[in-house]
Amino acid sequence: MPDAALGRARLLAQGLVTRPHASPQQAVSAFVAMQGQDLPGVISSVALRTASGSSDDVLDALNAGDLVRGYPMRGTVFLMAREDVLWVSELCNAGALQAAVNRRSDLGLDEDLVERARQEALTVLPEHETGLSRSDLFARWEALGVPTDKGRGYHVLAHLIGRGDLVHGPWNGTDQNIVSSAQWIGPGHDLEARFNGDRVAATADLLGRYLASHGPASHQDFAWWTKLPLRDIRAAWPLISADFESGTDEEGVERHWRPGLLSEVQAERAALRKPLLLPGFDEFILGYKDRLFALTPEQHQLLVPGNNGVFGRSLVIDGTVRGLWKRGGRPGRRTLELAEFAPLAKAHAATVRRRFSEFPFHAD
């Protein structure tokens with residue numbers, strides 16, 4: 001069964017109720033990384049946690065280089081603050097990079113082709129102040145004999161981003177341009193510069209920010225989120241354990257959260273009862289090993305049909321998912337399409353309509 005009390009605490013920790021962050025960079029930095037496969041969705045996710053609630057502010061942060069997208073862990077794209085993407089990738093990405101290498105022969109790629117693409121990108125991208133679109137970069141790779149069809153261009157790009165050579169940078173109107181890390185991020189942000197190469201200290205920093213933004217959460221949640229081994233997490237925990245409150249549930253799961261969170265939940269009970277509309281890949285749903293704290297297995301099948309990795313947008317009330325929503329209609333005449341798991345109270349239905357009218361879509 002869903003655990004509404006846990007959901008309420010996580011909603012508040014994630015900033016979805018109080019919108020505590022003054023800027024998009026502050027919001028993303030608090031999380032370290034926010035799931036970013038769906039770029040319009042993660043733009044909305046950031047805006048929903050900031051005081052202004054503006055998607056334009058998020059785009060401004062992308063264009064200024066304050067926010068970038070990388071592949072820091074799990075072979076998945078995340079939105080991150082500029083100063084975090086390189087050291088987190090270095091800390092967490094070894095397994096994903098090796099898995100990519102192991103798939104290379106199946107794609108008809110080899111190390112020479114990947115290195116050829118890398119050298120071309122590092123040469124040509126600094127010649128353009130805001131980088132190149134993915135299609136323009138792929139065209140240059142094709143001209144060098146590096147195939148980009150059948151997912152091969154995406155594979156090479158993800159590998160070069162994952163190893164820290166490139167990042168997704170400024171908005172180009174439809175997507176983010178690709179830029180070199182040396183050009184867009186600059187020096188001083190790798191593991192050596194930030195933590196003197198100390199992986200335990202780096203893990204402690206990452207764990208502390210994860211628990212503060214996602215807690216109550218367990219070490220197992222963090223291990224799933226980062227793919228770091230539990231032995232590394234256990235070694236880092238003593239460095240930050242005094243900064244958190246902890247508790248064990250009826251099933252023996254130990255979780256940790258920032259001090260005072262549970263008291264804040266009681267103070268914000270009225271606000272927590274108000275409906276929220278969330279994007280499909282929001283960290284409230286995807287930031288934990290087990291999503292069933294927020295919905296039943298049957299509802300989860302509706303949220304992720306066939307468990308195919310494509311998430312619907314969720315309606316959340318009082319810590320649990322109460323339905324799914326879509327944006328229908330045409331530009332200028334958008335409509336809310338709502339599929340409740342159970343009929344909503346009239347007051348909730350009116351709030352949902354208002355949330356839709358206020359939702360920070362990045363474009364019509």
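One can find the structure itself at the top, above this paragraph.
A short tour of the structure in this document, coming up. (Residues numbered from 1 in each chain as written. Predicted model: local features only at pLDDT ≥ 70, side-chain atom pairs only at ≥ 80, totals over all residues. Heavy atoms only, no water.)

Tallying secondary structure elements over the chain gives 19 helices and 11 strands in all. For 364 residues, the compact-globule formula gives about 21 Å, and the C-alpha radius of gyration of the chain, at 21 Å, lands near that figure. Expressed as lengths along the three principal axes of its C-alpha atoms, the size of the chain is roughly 60 × 55 × 40 Å. Going through the 364 residues of the chain one by one, you find that 52% of them count as buried. Put simply, of all contacts in the chain between residues at least 6 apart along the chain, 63% involve residues at least 24 apart. For the chain, the computed accessible surface area is about 15700 Å², with 49% contributed by carbon and sulfur atoms. If the 40 positive side-chain charges of the chain are averaged to one point and the 45 negative ones to another, these points end up 7 Å apart. (Helix = DSSP H or I, 4+ residues; strand = E, 2+ residues; numbered from the N terminus. Rg over C-alpha atoms; globule rule 2.2 N^0.38 Å. Buried < 20%, exposed > 50% of the residue type's maximum accessible area, 1.4 Å probe, protein only. Contact = heavy atoms within 4.5 Å. Areas by Shrake-Rupley, 256 points an atom, 1.4 Å probe, with all protein chains shown as cover. Lys, Arg positive; Asp, Glu negative; His and termini not counted. Charge placed at Lys NZ, Arg CZ, Asp CG, Glu CD.)

What follows concerns unusual backbone geometry. The residue after glycine 215, namely proline 216, is reached through a cis peptide bond having omega 5°. Its location among the elements puts proline 216 in the loop between helix H12 (199–214) and helix H13 (219–226). Of note in the backbone geometry, arginine 19 takes a positive phi value of approximately 45° without being a glycine. Of note, the phi angle at asparagine 196 is positive, near 55°, even though the residue is not glycine. Mapped onto the elements, asparagine 196 comes out in the loop between helix H11 (191–195) and H12. Classification of asparagine 196 by relative accessible area gives exposed; the value is 65%.

Taken together, the 4 strands give an open sheet; going across it, the order is E8-E9-E10-E11, and neighbouring strands pair in antiparallel fashion. Both outer strands of the open sheet, strand E8 (276–278) and strand E11 (333–340), are each paired with one neighbouring strand and no more. On average, each strand axis in the sheet is tilted by 35° relative to the strand beside it, whichever way the strands run. Bridge count for E8 against strand E9 (residues 313–317) is 3 bridges, and the pairing is antiparallel. Residue pairing for E9: leucine 277 is matched across the bridge by leucine 315. The sheet contacts of helix H19 (residues 346–358) involve E8, E9, strand E10 (320–330) and E11, and relative to E11 the element is tilted by about 140°. (Pairing = 2+ DSSP bridges. Axes fitted to C-alpha atoms, helices over the stretch in contact; angles between N-to-C directions.)

Moving on, we get to the layout of surface pockets. In this structure, the largest pocket occupies an estimated 520 Å³ of space. Broken down by secondary-structure element, the contributors of at least two residues to the lining of the largest pocket are helix H1 (4–13) and H13. Class assignment for the residues of the lining of the largest pocket results in 9 nonpolar, 3 polar and 9 charged. (1 Å grid on protein atoms, 1.4 Å probe; cavity = no way out; pocket = protein on both sides within 12 Å on 5 of 7 lines; lining within 4 Å. Points joined across faces, edges and corners; volume = space filled by probe spheres on them. Nonpolar A, V, L, I, M, F, W, Y, C, P; charged D, E, K, R; others polar.)

Another point: the environment of alanine 13. Relative to the elements of secondary structure, alanine 13 occurs in helix H1. Sequence separation between alanine 13 and alanine 339 is 326 residues, and the spatial gap between their C-alpha atoms is 27 Å. If we skip the residues at most four places from it in the chain, alanine 13 touches Ala212, Ser213, His214, Gly215, Arg258 and Leu261.

Where helix H7 (residues 111–124) meets helix H8 (residues 134–143), the axes come as close as 10 Å, and the angle between the chain directions of the two elements is 130°. One finds that H7 runs oblique with respect to H8. Regarding H7 and H8, the two cross each other, and that crossing is right-handed. Of the residues in H8, those touching H7 at Ala117, Glu120, Ala121 and Val124 are Leu137, Arg140 and Trp141. Tallied by class, the residues present in the contact of H7 with H8 amount to 5 nonpolar, no polar and 2 charged. (Parallel < 35°, antiparallel > 145°, perpendicular 65-115°, else oblique. Left-handed = near helix turned anticlockwise from the far one by under 90°.)

Glancing now at the packing of aromatic side chains. Aromatic ring pairs are described here by two measures, namely the spacing of the ring centres and the angle between the planes. Counted under the stated rule, the structure contains 15 aromatic pairs. Judged by centre distance (6.3 Å) and plane angle (80°), the rings of tyrosine 71 and tyrosine 154 are edge-to-face. Taken together, the residues span a long stretch of sequence, with tyrosine 71 in strand E2 (residues 67–73) and tyrosine 154 in helix H9 (residues 152–162) at a distance of 83 residues. On the basis of relative accessible area, tyrosine 71 is assigned to the buried category, the value being 5%. Their ring planes at 50° and their centres at 5.4 Å tell us that tyrosine 210 and phenylalanine 222 sit as a pair that is tilted. Of this pair, tyrosine 210 sits in helix H12 while phenylalanine 222 is found in helix H13, placing the two residues 12 residues apart along the sequence. Owing to a relative accessible area of 0%, tyrosine 210 belongs among the buried residues under this scheme. Residue classification places phenylalanine 222 among the buried positions, given a relative accessible area of 0%. Ring pairs connect the aromatic residues Phe78, Tyr210, Phe222 and Trp225, which therefore count as one cluster. (Phe/Tyr/Trp six-rings, centres within 6.5 Å; stacked < 30°, edge-to-face > 60°.)

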